[in-house]
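# Observations on chain architecture
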Amino acid sequence: MLAKYGLVEEAEGGAGRQKPWRATARYTDWRDVDSDAAEALSVTMAERYFERMTEALETRRRLPREWREAEQFGDDVVHLTPAELADVTRQFSSLLESYDHRSDDPSQRPEGAEPVTVLRVAFRNRREEDPS
């Protein structure tokens with residue numbers, strides 16, 4: 001399904017029925033899309049990231065101490081308006097964008113820099129008694 005929508009492409013090195021895939025973009029964002037396909041894709045990506053996060057938690061004891069202490073697994077609940085949430089999203093994106101140049105130009109990466117997945121998930125909490 002990801003290939004169908006151009007989010008992944010076949011990578012070299014597969015044998016037989018095993019096909020390695022690579023992302024066609026560094027990040028994905030389809031919050032402006034309101035369709036069944038976007039919903040299915042969001043669920044698929046959430047499941048995949050949950051698997052990767054679970055694996056990271058299960059294997060983090062193998063990391064050097066400095067990486068274990070730097071990683072973050074936590075959550076916050078804050079009370080925001082839609083406009084405030086949009087502002088938080090913009091600020092967070094801006095912060096991460098200040099590191100984008102390192103992805104395109106490895107010479108810009110400081111010694112010891114490694115790829116780090118940062119998940120950006122923010123959603124309105126829904127309660128059973130609140131159907132809206």
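Residues numbered from 1 in each chain as written. Predicted model: local features only at pLDDT ≥ 70, side-chain atom pairs only at ≥ 80, totals over all residues. Heavy atoms only, no water.

The helix and strand inventory of the protein chain stands at four helices and two strands. The helix and strand sequence of the protein chain, counted from the amino end, reads β-β-α-α-α-α. Per-residue burial for the protein chain yields a buried fraction of 5% across its 132 residues. In the protein chain, the share of contacts with a sequence separation of at least 24, taken over all contacts with a separation of at least 6, comes to 30%. (Helix = DSSP H or I, 4+ residues; strand = E, 2+ residues; numbered from the N terminus. Buried < 20%, exposed > 50% of the residue type's maximum accessible area, 1.4 Å probe, protein only. Contact = heavy atoms within 4.5 Å.)

So, about the pattern of salt bridges. Under the defined criterion, the tally for this structure stands at four salt bridges. Here R60 and E71 are joined by a salt bridge, their closest N and O atoms 3.1 Å apart. Placement of R60 in the loop between α1 (36-59) and α2 (65-70) and of E71 in the loop between α2 and α3 (82-97) is noted, with a sequence separation of 11 residues between them. Using a relative accessible area of 29% as the deciding quantity, one classes E71 as partly exposed. As a salt-bridge pair, E69 and R65 come within 2.7 Å of each other at their nearest N and O atoms. Here E69 pairs with R65, and both are found in helix α2, just four residues apart, close to one helical turn. Across the pair, exposure class does not vary: E69 and R65 are exposed alike. (Salt bridge = Lys/Arg side-chain N within 4 Å of Asp/Glu carboxyl O.)

All right, on to a nonpolar patch on the surface then. Side chains of F50, M53, L57, F73, L119, V121 and F123 sit close together on the surface and give an oily, nonpolar patch of about 690 Å² of accessible area. Among the secondary structure elements, M53 is positioned in helix α1. (Patch = residues over 30% accessible without salt bridge, like charges linked within 9 Å, V, L, I, M, F, W, Y side chains within 5 Å. Areas by Shrake-Rupley, 256 points an atom, 1.4 Å probe, with all protein chains shown as cover.)

Let us now look at the environment of R109. Within the secondary structure, R109 is located in the segment after α4 (101-104). You can call R109 partly exposed: its relative accessible area is 39%. Not counting residues within four places of it along the chain, the set of residues in contact with R109 comprises R102 and S103. A polar contact of 3.3 Å, which involves the side chain of R109, links it to the backbone oxygen of S103. (Polar contact = N/O pair within 3.5 Å; in protein donor to acceptor, adjacent residues only side chain to side chain.)

None of this, on its own, says anything about what the molecule does.
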